[in-house]
Amino acid sequence: MSRFHLPLAVLALLIGAARPARADAPPHPISHADVWLMKRVGAPVPSPDGKWAVFSVVDSAYEAKEQWSDLWIKSLRDDSPARRLSFSKGAESGLNWSPDGRRLLFTAKRDGDESAQIYLLDIAGGGEAQRLTTLTLGARLPKWSPDGKRILFVSEVFPGSEDESAIKQEAKQRKERKYSARSYETLAPRHFDKWLDDKQPRLFVMDAAAGAAPRNLLAGSALAATPGFAGVQSDEGQNLEALWAPDGQSLLFIAASNRDEAARAAVLTHIYSVALGGGAPRQLSQGRRNYEKLQFSADGKTLFCLSQAEEEGKIYDLSRLASFAWPWTGAAPALLTAALDRSVSRFALPAGERRVYFTYEHAGLEQLHSVDYAGGALRDEASPGGGAINSLQAGGKALVGVWESAVNPPEVYAFNGAPRRLTAYNVAQAAAIDWQPPEHFWFTAPDGRKVHNMLVKPAGFDPAKKYPLLSLIHGGAASMWRDQFVLRWNYHLLAQPGYVVLLTDYKGSTGYGEAFTRALQFDPLKGPGEDVNQGVDEAIKKYPFIDASRLAAGGASYGGHLANWLQATTTRYKAIVSHAGEMDLVMQWGSSDSGYGREVNSGGPVWGDAPAWREQSPLLQGGNHAKGTGFRTPILISVGELDYRVPVNNALMNFATQRRLNVPSKLIVFPDENHWILKGENSRYFYSEVQAWLAKYL
């Protein structure tokens, strides 16, 4: 049935789901193991002919050394089960099919690799993956040329060392240094859990063969030499999103040229072009807009992308679906979703149709929509009931992605016509859990805004009983609670001890239009906090099973900011949980890995007269006991010591304040975690501490 020549071990492949639960076994309350050990299904990448899709699957484990991540392949033409393509613990990423659909590029760090390198797997002919690059600083994001003879990719260089021999020599000298100091002349020096270095991103091209010499297309260019030249920061380094022009004679890429102004201005990402033969890159897009996610139509006559207007003095701009005629004419982009008051998350271009398929957030869901190439005939497409589509790609006429919901962990789906599930890695495990989909409801804020909420009930729910309520606050603030399977703050796991969990999309959330998100400008915590409190009031009125005398609130990141604000400004909650929450707006401005956007949000620099800096810093409200508020509610404070987005000084200041005021409090520091708790045993401990804290006071 298959044309693949795979290793003998495929005969013993796992086809996704664990052994089903006994048919007569009653569903059980969710456990941390249920959450953590669900298989993590990555975004499927369809072949150009639409016959196959390749995707990663992580077999999670509590011990990192026991965790596996492998590539799987699934036919899009029949119901045959997915097959395992790779057998290694190291993760593969950057999947890219050759134009003929016979070979696959990916990035991995395998035996002997000090940095991730590019590998080629012959899908049609079989055999082991072949390493194509051996660069000192590694390689990532490979893309085939239209004729299948070359690949482009991103790597990095040291300042003044543009070729591999110079890079290797510089790396050796740095490794042999006797000192460990870092030095900086531009912001930001840190990103999430990493101190940044002076390596710079470059675009390389090479023949698609092992041993071929890569060529640095940006070497010596005036653009790459500008102090503000940069890609988009990721965990792997700075990435230059790039793709081949349809004729294969040039490349397009996304880059910024004013990153050195990040402390005082918005950094803009534009579209550039560079000839295959080298030469000076040319900036194509102009004006105060950002661009990302470039794709060409199948006929090569239209360049599609996502674009955001960078409006002066505003905090949030919708992500619009945009297009340009190709070859480049210099005309302004056509904004295909200009009339849609939502941000487009992702889009895909199936062959044979002059329609763009895309998703956007709305009221806890992310579903499928489409628009024609001219920006007309916007319509809703068939989507699974509820939940969220979290990836979307086209190959040939095939349209595939990942769908999940709060009670359906991620699986690969086809979206041609009626949605069709293609994998069943987690179906049996999910069916064995006692859980219900979230219940949706709305209320009207005093200013007329419609505010969306979801309510999650515990296992064994009995409407005749009374349940404590936990108001869980999402991060962002430009984010939205989604009907999806969440790892870090799993709704059902938090509800499991016998709580009702409330999820309110307060002022500043996405999924409700640009004005709704921008509404927290100059009002960073007070207004959103009022929405959270009103959400609790509305839930109590609507649901008689909620015990109004037993309320708690908690969140992480911006949700932690709001948790700290609620502790300072109300005593209605019996317990507070704050993870990675800022305590003082001024301190967060100076110590976080982002600052200028906070000035725009608060109304000016910290030394100016914008009142938000003082009036909405939780720390400065904490002593308002004469007003009947101030820090009184017992609070659990947690933080990752490697968190550079909301640095540990916030948690330390929070705990010092609580002890100074004799408030029941507990501080938990994870020395090996960043903004998120990502290690298995740390996660299990974190949930146990949260549940113990809530149980103690509820």
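Computed from a predicted structure; not experimentally measured.

### Topic: the pairing of strand E27 (residues 355–362)
- The buried fraction of E27 amounts to 7 of the 8 residues, a majority that puts the element mostly inside the structure.
- As judged from the 4 bridges shared by strand E26 (residues 344–348) and E27, these two strands associate in the antiparallel manner. Counterpart to Val344 in the pairing with E27 is Tyr360.
- The hairpin turn running from E26 into E27, its antiparallel successor, is 6 residues long, and Gly352 in that turn takes a positive phi close to 85°.
- Hairpin remark: E27 followed by strand E28 (residues 365–372), antiparallel, with 2 residues in the connecting loop; positive phi at Ala363, about 50°.

### Examining the side chain of Asn650
- Relative to the helices and strands, Asn650 resides in helix H13 (residues 648–660).
- Among the polar contacts listed, one links the side chain of Asn650 to the backbone nitrogen of Met583, at a separation of 2.9 Å.
- There is a polar contact of 3.1 Å between the side chain of Asn650 and the side chain of Gln588.
- Sequence-distant contacts of Asn650, defined by excluding residues within four places in its chain, comprise Gly581, Glu582, Met583, Asp584, Met587 and Gln588.

### Topic: the pairing of strand E11 (residues 150–157)
- Within E11, 7 of the 8 residues are buried, leaving the element largely enclosed by the surrounding structure.
- Bridge count between strand E10 (residues 140–144) and E11: 3 bridges; the pairing is antiparallel. Bridge pairing in E11 places Trp144 opposite Ile151.
- Pairing of E11 with strand E14 (residues 200–207) involves 8 bridges; the strand directions are antiparallel. The residue bridging Ile151 from the neighbouring strand is Met206, located in E14.

### Concerning the side chain of Gln484
- Relative to the assigned elements, Gln484 resides in the loop between strand E36 (467–473) and helix H5 (491–495).
- For Gln484, the side chain forms a polar contact with the side chain of Arg482, separated by 2.3 Å.
- Those residues in contact with Gln484 that sit more than four places away from it in its chain are Asn390, Glu404, Ser405, Ala406 and Tyr491.

### Let's talk about the packing of aromatic side chains
- In this structure the tally under the stated criterion is 32 aromatic pairs.
- Ring centres of Trp36 and Tyr62 lie 6.3 Å apart, and the angle between their planes is 20°; this geometry places the pair in the stacked category. Highlighted residues: Trp36 in helix H1 (residues 32–36) and Tyr62 in the loop between strand E3 (52–59) and strand E4 (68–75), separated in sequence by 26 residues. Across the pair, Tyr62 and Trp36 agree in class, each one buried.
- Here Phe461 and Tyr467 contribute two aromatic rings whose centre-to-centre distance is 5.3 Å and whose plane-to-plane angle is 25°, an arrangement assigned as stacked.
- What makes Tyr467 buried here is its relative accessible area of 7%.
- What links up through ring pairs into an aromatic cluster is the set Tyr291, Phe296, Phe324, Trp326 and Trp328.
- Over the aromatic face of Trp195 sits the side chain of Arg190, whose NZ or CZ is 5.0 Å from the ring centroid.
- Over the ring of Phe516 we find Arg449, and its NZ or CZ is 5.3 Å from the ring centre.

### Side note on H13
- Between its first and last C-alpha atoms H13 spans 18 Å; for 13 residues at 1.5 Å apiece the expected length is 18 Å, and the two agree.
- All buried positions along H13 are accounted for by Asn650, Ala651, Asn654, Thr657 and Gln658. Down the axis, H13 shows its buried residues gathered within 125° of arc, on one side only.
- Buried positions along H13 lie against helix H8 (558–569), strand E39 (575–579), helix H9 (585–591), helix H12 (618–621), strand E40 (635–640) and strand E41 (665–670).
- Two residues or fewer past H13, Asn662 is found with a positive phi of approximately 60°.

### Things to note about the sheet that holds strand E20 (residues 269–275)
- The 4 strands lie next to each other as E18-E19-E20-E21, forming an open sheet whose pairing is antiparallel. Lying at the two open borders of the sheet, with one neighbouring strand each, are strand E18 (242–244) and strand E21 (282–283).
- Of the pairings in the sheet, the one linking E20 to E21 comprises 2 bridges and is antiparallel in character. Across the sheet, Tyr272 pairs through a bridge with Gln283, a residue of E21.

### Comments concerning the environment of Val232
- Along the chain, the position of Val232 falls in strand E16 (residues 232–234).
- Residues Val232 and Ala256 lie 24 residues apart in sequence; the distance between their C-alpha atoms is 8.1 Å.
- If sequence neighbours within four positions are ignored, Val232 has contacts with Gly237, Gln238 and Asn239.

### What about the nonpolar core?
- Among the nonpolar cores identified, the biggest contains 38 residues, and Leu469, Phe545 and Tyr573 are the most heavily contacted of them.
- Put simply, the parts of the chain that give this core at least two residues each are strand E34 (439–444), strand E35 (450–456), E36, strand E37 (500–504), helix H7 (526–542), strand E38 (546–556), H8 and E40.
- Contacts of Tyr573, omitting those with residues within four sequence positions, involve Val532, Asn533, Val536, Leu551, Ala552, Ala553, Leu566 and Thr633.

### Quick notes on the sheet that holds strand E8 (residues 117–122)
- Read from one edge to the other, the open sheet built from 4 strands follows the order E6-E7-E8-E9, with strand pairing classed as antiparallel. Strands with a single pairing partner mark the edges of an open sheet, and in this sheet they are strand E6 (93–97) and strand E9 (130–131).
- Note: E8 against E9, 2 bridges, orientation antiparallel. Within E9, the residue paired with Leu120 across the bridge is Gln130.

### What to know about the pattern of salt bridges
- Under the defined criterion, the tally for this structure stands at 34 salt bridges.
- Salt-bridge contacts for Arg346 lead to Glu366; the nearest nitrogen and oxygen are separated by 2.6 Å. In this pair, Arg346 is assigned in strand E26 and Glu366 in strand E28, connecting sequence segments 20 residues apart.
- On the accessibility criterion, Glu366 (1% relative accessible area) is buried.
- Residues Arg482 and Glu361 are paired through a salt bridge, measuring 3.2 Å at the closest nitrogen-oxygen approach. Highlighted residues: Arg482 in the loop between E36 and H5 and Glu361 in strand E27, separated in sequence by 121 residues. By the burial criterion, Arg482 is buried, and Glu361 matches it.
- Each of the salt bridges in this network shares a partner with another, and the network as a whole consists of Lys39, Asp59, Asp70 and Arg84.

Analysis parameters
- Residues numbered from 1 in each chain as written.
- Predicted model: local features only at pLDDT ≥ 70, side-chain atom pairs only at ≥ 80, totals over all residues.
- Heavy atoms only, no water.
- Buried < 20%, exposed > 50% of the residue type's maximum accessible area, 1.4 Å probe, protein only.
- Helix = DSSP H or I, 4+ residues; strand = E, 2+ residues; numbered from the N terminus.
- Pairing = 2+ DSSP bridges.
- Polar contact = N/O pair within 3.5 Å; in protein donor to acceptor, adjacent residues only side chain to side chain.
- Contact = heavy atoms within 4.5 Å.
- Phe/Tyr/Trp six-rings, centres within 6.5 Å; stacked < 30°, edge-to-face > 60°.
- Lys NZ or Arg CZ within 6 Å of the ring centre and 35° of its normal.
- Expected span 1.5 Å × (residues − 1).
- Arc of directions from axis to C-beta.
- Core = buried A, V, L, I, M, F, W, Y, C linked by side-chain atoms within 4.5 Å.
- Salt bridge = Lys/Arg side-chain N within 4 Å of Asp/Glu carboxyl O.

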